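Descriptive analysis of the structure
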Amino acid sequence: MSEVLKKPLITEKLTRLQAEGKYAFKVDKYASKPEIKKAVQQRYPDVKVGKINTMIMPSKPKGRFTQSGYIEGRAKVWKKAIVTLKEGEIDFFSEI
């Protein structure tokens, strides 16, 4: 199976949620909540996961203008997990 946690999501809205102890990750589309919890606790051993909310993000139409004209397409369907921590803190920027 592929890696459960693909990457952390960092947006303005999700950065505000970090103050409440909630962190967002792009995860494998077929990962279950227990698998996500286990992966977060393995990657960040000093945290305890309380609750996990998952959502499937739908495909969106995308397009761009090129020299040969307009190219249409769609973005992939992906899964987002919002992880609420009981204790501990995750610092995404220390890994950079």
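Residues numbered from 1 in each chain as written. Predicted model: local features only at pLDDT ≥ 70, side-chain atom pairs only at ≥ 80, totals over all residues. Heavy atoms only, no water.

**Re the pairing of strand 6 (residues 78-87)**
Of all ten residues in strand 6, seven are buried, a share of seventy percent or more. The pairing of strand 3 (residues 48-57) with strand 6 spans nine bridges and is classified as antiparallel. Its bridge partner being in strand 6, Ile52 is matched across the sheet by Val83. (Buried < 20%, exposed > 50% of the residue type's maximum accessible area, 1.4 Å probe, protein only. Helix = DSSP H or I, 4+ residues; strand = E, 2+ residues; numbered from the N terminus. Pairing = 2+ DSSP bridges.)

**Regarding the packing of aromatic side chains**
Tallied over the full model, the rule gives four aromatic pairs. A ring pair is formed by Tyr23 and Phe92, whose centres lie 5.7 Å apart and whose planes are at 90°; its orientation type is edge-to-face. Remark: Phe92 occurs in the segment after strand 6 and Tyr23 occurs in strand 2 (residues 22-27); sequence separation between them is 69 residues. Look at Phe92 and you get buried, because its relative accessible area is 5%. (Phe/Tyr/Trp six-rings, centres within 6.5 Å; stacked < 30°, edge-to-face > 60°.)

So yeah, pure geometry; function would need other evidence.
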